[in-house]
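Structural overview for review
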Protein chains: 2
Amino acid sequence: MTPTNIRINGDRLISRLMALARIGDTGDGGARRLALSDTDKLGRDLFVSWLKDVGLDVHIDKIGNIVGILPGSTDAAPILMGSHIDTVGSGGKYDGALGVLGALEVIETIKESGLKLPRGLAVIAFTNEEGARFQPDILGSCVWTGDMTLAETYPITDSDGKCVGDELDRIGYLGAAEPGFLKPRAYLELHIEQGPVLDQEGGGIGAVTGVQAISWSEYSIVGEPNHAGTTPMKYRRNAGLAAARITVFADDLTRAIPGTVANGGVIAFEPSNVNVVPGRVVMTLDLRNPDDARLADAEARMATFVAALQREAGVTIGRRELANFPAQPFDPTMIGAVERAAQSLGYPVRRMVSGAGHDAQMMATVVPTAMIFVPSVKGISHNPAEHTEPADIIAGGNVLLAAALELAHDLDAAAGG
Amino acid sequence: MTPTNIRINGDRLISRLMALARIGDTGDGGARRLALSDTDKLGRDLFVSWLKDVGLDVHIDKIGNIVGILPGSTDAAPILMGSHIDTVGSGGKYDGALGVLGALEVIETIKESGLKLPRGLAVIAFTNEEGARFQPDILGSCVWTGDMTLAETYPITDSDGKCVGDELDRIGYLGAAEPGFLKPRAYLELHIEQGPVLDQEGGGIGAVTGVQAISWSEYSIVGEPNHAGTTPMKYRRNAGLAAARITVFADDLTRAIPGTVANGGVIAFEPSNVNVVPGRVVMTLDLRNPDDARLADAEARMATFVAALQREAGVTIGRRELANFPAQPFDPTMIGAVERAAQSLGYPVRRMVSGAGHDAQMMATVVPTAMIFVPSVKGISHNPAEHTEPADIIAGGNVLLAAALELAHDLDAAAGG
């Protein structure tokens, strides 16, 4: 039923990825296009020019999300594909860009083929996915799905005090469309894995089953800044030692509770002297698990440990929640469509959980959603050295094309989600 | 044999402590007189004026140590007493100053009493004991005892590039006397404990048996800065977790090896992000023990642990030695003289090890030496809140007086060291 002889134009996709990466080029292979910055505007302008070149209907919504639409032969809800084109401060060429330009490539390929699909196809570039300039991250998709309102989003400021609303206006991307104006039948996001699993374990395509649950905590530990030579151990209230014990216990949890990953990524001592017991420590803890109940178990065990540690170490430990996202499973029919697409093209495919957050996790709350992962060399991402082999980029684009074709043709299968 | 009815003038001692603390007054109860700074010069000038008021022979040596001498009735070697008057950046009123002004008070008291002692008495204020501006610390006593030469000391620079030789000259304390020109029979140093033991455990006097051995290490841990969500635990090379495990193991050593104290006082992560595995960590470790062999045991066990940790955690760990001082026991006869002095005055006295370094540890390498500790309220030191009760200051001064009298009279007992 689905034509299997259509392929994307790989050279064109890679050439567009390289052209976009030259905007905000950091000179070391990377790119810097912080959301709503001057370089983000230039990247958006280039993307919009391509949408127009391909002849799509272009819409900008009130949070700056950019949508390009190729209508179908019926008024059935379209298949939406996309990701984001903003980057972290020291980003690479593929994170986000691949999902947006891959979607554009799929649409252009189908348009060129002359194929008439019952469902339309659309591409979306969401605003501020990275959260590097404005928090929270995945902001554009949160507004698109109604999880956040414009009224609470516009006043969000960056570290210089500039706000989302003003910056959208300044760069000319405060659009007229209502976020969520397009009601798609399904959402597909092609993305680099940003982790080492595919690269280390034989390559191929990842059929992403969902985004794992995330819990970010900041612990403020208060002890006493004593002399490290003259204070007997029994009189010490060592905030630095308490932080180390939290870090080691979190690592223990990764072995005790299947699927758990843990990281103490930030730490600061006050004072910070060789011979002074740290009196105050601020540290962060990132806990994740694909299963909400298991993450809750890890959080509960950590809370019990911290309570006992306070008494044992003579410190007080405050916890501030920095982020908390439940696990977001993707749609089984959609995951199946990705697997079938990869298999039909002869690519090895494996089901895997996304360790990082993506716009797809918001879209999955309102529409059947799946993601396609391609390998990241050495798992490096958010880094100028981020790299995916051209063959894998082209494979990912063709899987996106095949999955979109199946979904756009087969109204019943898609409705099964 | 020793007159026991002589007492210091406590008001005069405290009044001089307060007058010195007003030089470099930080407005919060503390003082800042970094070695060889303008405020250190003002403090030195005030001290020298007091030495002259009392009628002592004043000498400045080539490293700026200030000596005031009251000759005895014979040419037997004198009893030297002292400490330092420089402070850390945010220092208190008593650290160092008590030993110097206590010695001056003892000498003035004896001079006023008309007592003729066979041995002379002398007071010394050593240059740059704190090491807050110029490293190493205890610099003046290292030069006095011949452990360091003037040629290696003069070029030492502070963080602004100013050197010891130039700064001595600039403030007018590049003296003519040879360091070590005075050959005392014994050295006594009165000091605040800078720890909580006397304060927490009933007060009284500490008869210090020596300074414990010190080992300072800096560990540079190199792992890999991976994404904390997408990288499976088995692929992580977490430098932050390795640092936490070193910190916890060092704490375990304090229970495994009697007398050990341990502190991880400084730590820095690179990168420093909630969701990035720390790729590079620099941390310090301060290990001490009154017994050299036990400290060596702790160092050896840590080295074994670190070697295993490298393999286990997939990180490389380099160690740089920041400091290493052997234990410095004090002279048994001198310690006995301190105990007898305290007991003769009715003060509780206990033997204790000094957890911090002092000029006395250098003097002990060339002359029979002991130290007298008085309580530090809550063990707070190197801090504007540093406090010792007036009654304890006066008690310490009287113990110094009584011990000096015994040593100055009893030529045989002193020779027993």
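In case you missed it, the structure is sitting above this.
The structure contained in this document is the topic of the report that follows.

Here the focus is unusual backbone geometry. With an omega dihedral of 5 degrees, the bond running from A:Q135 to A:P136 counts as a cis peptide bond. In this fold, A:P136 is placed in the loop between strand 4 (121-126) and helix 4 (139-144). For the bond running from B:E270 to B:P271, omega is -5 degrees, close enough to zero to count as cis. The backbone phi angle of A:N128 is positive, close to 50 degrees, even though this residue is not glycine. With respect to the helices and strands, the residue A:N128 is situated in the loop between strand 4 and helix 4. Non-glycine residue B:H382 carries a positive phi angle of around 50 degrees. Looking at where B:H382 falls in the secondary structure, it is placed in the loop between strand 14 (369-374) and helix 12 (390-409). Take B:H382: there are 23 C-beta atoms within 10 Å of it, and that puts it in the buried class.

Turning chain B through 179 degrees and shifting it by 0.2 Å along the axis lays it on chain A, with an RMSD of 0.2 Å. In symmetry terms, the pair is related by a two-fold rotation axis. Looking at the rotation axis and the C-alpha trace of chain B, the residue lying nearest is B:A244, at 2.1 Å. Here 100% of the contact residues of chain B are again contact residues in chain A; the copies associate through an equivalent surface.

For the rest of this paragraph, the subject is the interface of chain B and chain A. Each side of the interface is counted separately: chain B has 47 residues, and chain A has 48 residues. Elements with a contribution of two residues or more to the side of chain B that touches chain A: helix 7 (197-200), strand 7 (213-222), helix 8 (239-256), strand 8 (261-263), strand 9 (267-270) and strand 10 (280-289) of chain B. The element contributing the most residues to the side of chain B that touches chain A is helix 8 of chain B, with eight residues. Grouping the constituent residues of the side of chain B that touches chain A by class yields 21 nonpolar, 21 polar and five charged.

Let us now look at the packing of helix 3 (residues 97-113) of chain A against helix 12 (residues 390-409) of chain A. All names here are of chain A. Following both chains from N to C, one finds helix 3 and helix 12 inclined at 55 degrees, their axes separated by 9 Å at the closest point. Viewed along their axes, helix 3 and helix 12 adopt a mutual orientation that is oblique. Once helix 3 is placed against helix 12, the crossing between them reads as right-handed. For the pair formed by helix 3 and helix 12, the contact residues are L98, G102, A103, E105, V106 and T109 on the first element and I393, G396, G397, L400, L401 and A404 on the second. Class assignment for the residues of the contact of helix 3 with helix 12 results in seven nonpolar, four polar and one charged.

Turning our attention to the environment of A:E339. Residues and elements named next belong to chain A. Among the structural elements, E339 can be located in helix 10 (residues 332-344). Residue classification places E339 among the partly exposed positions, given that 19 C-beta atoms sit within 10 Å. Counting along the chain gives 287 residues from E339 to K52, while the straight-line C-alpha distance between them is 32 Å. In contact with E339, other than residues within four places in its own chain, are A207 and V349.

Residue and element names in this part refer to chain A. Interaxial distance between helix 10 and helix 12 falls to 8 Å at its minimum, and their mutual angle equals 120 degrees. With respect to helix 12, the axis of helix 10 lies oblique. In terms of crossing hand, the pair formed by helix 10 and helix 12 is right-handed. Of the residues in helix 12, those in contact with A337, V338, R340, A341, A342 and S344 of helix 10 are V399, A402, A403, E406 and L407. Within the contact of helix 10 with helix 12, the residues separate by chemical class into eight nonpolar, one polar and two charged.

Rules behind the numbers
Residues numbered from 1 in each chain as written. Chains lettered and ligands numbered in written order. Predicted model: local features only at pLDDT ≥ 70, side-chain atom pairs only at ≥ 80, totals over all residues. Helix = DSSP H or I, 4+ residues; strand = E, 2+ residues; numbered from the N terminus. Buried ≥ 20, exposed ≤ 12 C-beta atoms within 10 Å, placed from the backbone. Least-squares fit on C-alpha atoms with pLDDT ≥ 70 in both. Contact = placed C-beta atoms within 7 Å. Nonpolar A, V, L, I, M, F, W, Y, C, P; charged D, E, K, R; others polar. Axes fitted to C-alpha atoms, helices over the stretch in contact; angles between N-to-C directions. Parallel < 35°, antiparallel > 145°, perpendicular 65-115°, else oblique. Left-handed = near helix turned anticlockwise from the far one by under 90°.

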